[in-house]
Amino acid sequence: LTLLLFLFVAPLVVVLLQSVWQGGFTLASYAAVLGNAGTLGSLGYTFRIAATVTVAALLLSYPVAYVVSRARGSLLHLAIAMILVPFWTSTVIRTYAWIVVLQRRGILNDLLMSSGITDQPLRLMNNGVGMQIAMVHIMLPFMILPLLSAMRGIDETLLRAASVLGANPLRQFVSVYLPLSLPGVAAGCSLVFISSLGFYITPALIGGPNMMAAVLIEQQASRLLNWPLASA
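Residue numbering note: each chain is counted from 1, following its sequence as written. Selection of residues for local features in this predicted model requires a pLDDT of at least 70, selection of side-chain atom pairs for listing and counting requires 80 or more, and totals for whole chains, interfaces and linings are taken over all residues. As a convention, hydrogens and water are excluded, and side-chain values are obtained from all of the structure's heavy atoms.

A. Representation of the overall build of the protein. Where helices and strands are cited, they refer to DSSP runs of H or I of at least four residues and of E of at least two residues respectively, numbered from the N terminus. When you go through the protein residue by residue, the secondary structure sums to twelve helices and zero strands. Moving toward the C terminus, one meets the helices and strands of the protein in the order α-α-α-α-α-α-α-α-α-α-α-α. Radius of gyration here uses only the C-alpha atoms, and the compact-globule reference equals 2.2 Å multiplied by the residue count raised to the power 0.38. Relative to the globule expectation of 17 Å for 232 residues, the C-alpha radius of gyration of the protein, 22 Å, shows a markedly less compact shape. Along the first, second and third principal axes, the C-alpha set of the protein runs to 70 × 55 × 30 Å.

B. Here's a closer look at the packing of helix α2 (residues 28-35) against helix α3 (residues 37-69). To get an axis, fit a line to the C-alpha atoms, keeping to the stretch in contact for a helix; angles then go from 0 to 180 degrees between the N-to-C directions. Where α2 contacts α3, the two axes come as close as 5 Å, and the packing angle between them is 75 degrees. Relative to α3, α2 is oriented roughly perpendicular. Where α2 abuts α3, its residues Val 33, Leu 34 and Gly 35 lie against Ala 37, Thr 39, Leu 40 and Leu 43. Gly is put with the polar residues, along with every residue not named as nonpolar or charged; the nonpolar set is Ala, Val, Leu, Ile, Met, Phe, Trp, Tyr, Cys and Pro, and the charged set is Asp, Glu, Lys and Arg. For the contact of α2 with α3, the per-class residue count stands at five nonpolar, two polar and no charged. Orientation labels follow simple angle bins: below 35 degrees gives roughly parallel, above 145 gives roughly antiparallel, 65 to 115 gives roughly perpendicular, and whatever is left gives oblique. Should any heavy atoms of two residues lie within 4.5 Å, those residues are counted as being in contact.

C. Representation of helix α7 (residues 129-152). Here α7 spans 34 Å end to end across 24 residues, near enough to the 34 Å set by a 1.5 Å rise per residue. The angle between axes fitted to the seven-residue stretch ending at a residue and the seven-residue stretch beginning at it gives the bend at that residue. Along its length, α7 shows its largest kink, about 40 degrees, at Met 139, and proline Pro 141 lies within four residues downstream of that point. Expected span of a helix: the number of residues minus one, times 1.5 Å.

D. Looking closely at the nonpolar core. Of all hydrophobic cores here, the largest spans 40 residues; its most connected members are Ile 49, Val 53, Met 131 and Met 135. Residue assignment for this core shows that the elements contributing at least two residues are α3, α4 (73-84), α5 (91-102), α7, α8 (156-164) and α9 (169-197). In plain words, nonpolar cores are sets of buried Ala, Val, Leu, Ile, Met, Phe, Trp, Tyr and Cys residues tied together by side-chain atoms within 4.5 Å. The buried label goes to any residue with under 20% of its type's maximum accessible area, the exposed label to any with over 50%, and the partly exposed label to all in between, with areas taken from a 1.4 Å probe on protein chains only.

E. Region of interest: unusual backbone geometry. Non-glycine residue Asn 126 carries a positive phi angle of around 60 degrees. As for its placement among the helices and strands, Asn 126 is situated in the loop between α6 (107-114) and α7. Of note in the backbone geometry, Leu 225 takes a positive phi value of approximately 55 degrees without being a glycine. Relative to the helices and strands, Leu 225 is located in the loop between α11 (213-223) and α12 (227-231). Using a relative accessible area of 61% as the deciding quantity, one classes Leu 225 as exposed.

F. Here's a closer look at the side chain of Ser 181. Checked against the element boundaries, Ser 181 lands in helix α9. Assessed through its relative accessible area of 0%, Ser 181 is described here as buried. Apart from the residues lying within four places of it in its own chain, the contact partners of Ser 181 are Tyr 62, Ala 150, Met 151 and Ile 154.

G. Just the environment of Arg 72, in detail. Following the sequence through the fold, Arg 72 ends up in the loop between α3 and α4. Apart from the residues within four sequence positions on either side, Arg 72 is in contact with Arg 152 and Glu 156. Looking at Arg 72, its side chain comes within polar contact range of the main-chain oxygen of Ser 69, at 3.0 Å. Counting of polar contacts relies on pairs of N or O atoms within 3.5 Å, with two restrictions inside protein: one atom must be capable of donating a hydrogen and the other of accepting it, and residues adjacent in sequence are counted only when both atoms are side-chain atoms. Among the polar contacts made by the side chain of Arg 72, one reaches the side chain of Glu 156 at a distance of 3.5 Å.

H. A look at the layout of surface pockets. Space inside and on the surface of the protein is sampled on a 1 Å grid over the protein atoms alone, with a cavity defined as a set of points where a 1.4 Å probe fits but cannot get out and a pocket as an open set with protein on both sides within 12 Å along at least 5 of 7 lines; lining residues have an atom within 4 Å of a point. Grid points are joined across faces, edges and corners, and a volume is the space filled by probe spheres set on the points. Roughly 200 Å³ of internal volume is contained in the largest pocket. Every residue lining the largest pocket is listed: Tyr 30, Val 33, Leu 34, Thr 39, Leu 43, Ala 213, Leu 216, Ile 217, Gln 220, Leu 229, Ala 230 and Ala 232. At the level of elements, α2, α3, α11 and α12 are the ones that each hand at least two residues to the lining of the largest pocket. Here the lining of the largest pocket gets four residues from one element, more than from any other, and that element is α11.

I. Local environment of the packing of aromatic side chains. Stacked, edge-to-face and tilted are the three classes for Phe, Tyr and Trp ring pairs, Trp counted by its six-membered ring, which pair at centre distances within 6.5 Å; planes under 30 degrees apart are stacked, over 60 edge-to-face, the rest tilted. For the coordinates displayed, the defined rule picks out five aromatic pairs. Ring centres of Tyr 62 and Phe 173 lie 6.0 Å apart, and the angle between their planes is 90 degrees; this geometry places the pair in the edge-to-face category. In this pair, Tyr 62 is assigned in helix α3 and Phe 173 in helix α9, connecting sequence segments 111 residues apart. Owing to a relative accessible area of 29%, Phe 173 belongs among the partly exposed residues under this scheme. Consider the rings of Phe 173 and Tyr 177, whose centres lie 6.0 Å apart with planes at 20 degrees: the pair is stacked. Remark: Tyr 177 and Phe 173 occur in helix α9; sequence separation between them is four residues, near one turn of the helix. The class of Tyr 177 is buried, set by a relative accessible area of 4%. Site record: aromatic cluster; members linked through ring pairs are Tyr 62, Tyr 66, Phe 173 and Tyr 177.

In structure tokens form, the structure reads like this:
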């Protein structure tokens with residue numbers, strides 16, 4: 001608590017003061033944010049990207065977490081190790097790896113063209129597509145781990161009881177398993193959505209013409225030196 005107070009809460013208070021104090025109390029920076037169509041567009045774009053990444057990560061992570069939760073012994077340990085491996089590599093390196101894969105003459109386009117699926121390279125960079133793919137990949141462990149924790153806590157005797165009462169596998173999943181896994185879904189979605197809102201490195205390197213909020217803040221603070229607007 002003490003650590004968070006000095007290294008997290010105090011800096012946020014400084015940011016808040018910078019946004020409302022410019023020789024005196026003023027809400028001019030907030031008015032500038034709300035009155036600028038470009039800034040509002042950037043905020044809306046950020047929320048849309050965060051929501052898209054969250055949904056995609058959930059759809060990919062849920063079946064993976066389900067399969068891993070039912071594994072046992074060395075297979076379980078191997079699966080968890082593979083889920084945690086991405087944490088050993090920095091976000092910057094993973095983003096550059098996606099640049100190698102998705103660029104115009106990258107691995108994916110070369111594979112598609114050599115196999116005859118496409119006649120010309122697909123544009124996967126600097127239009128938001130590659131950025132979202134990379135963000136989903138980076139966020140997958142943050143979705144899988146809460147789901148896995150919730151799923152491993154589900155009592156399998158409840159599913160057997162549902163089966164005895166006549167529920168088929170689909171009904172067992174919809175009526176018993178899915179509701180019991182929802183705390184993991186909520187935790188994973190919260191982690192991924194909030195983290196995606198503040199994503200900077202990946203949008204800065206392979207984002208499209210639309211700026212996400214973190215990139216806009218960096219531009220205002222570092223390039224334009226408009227700290228009050230950046231703080232707001």
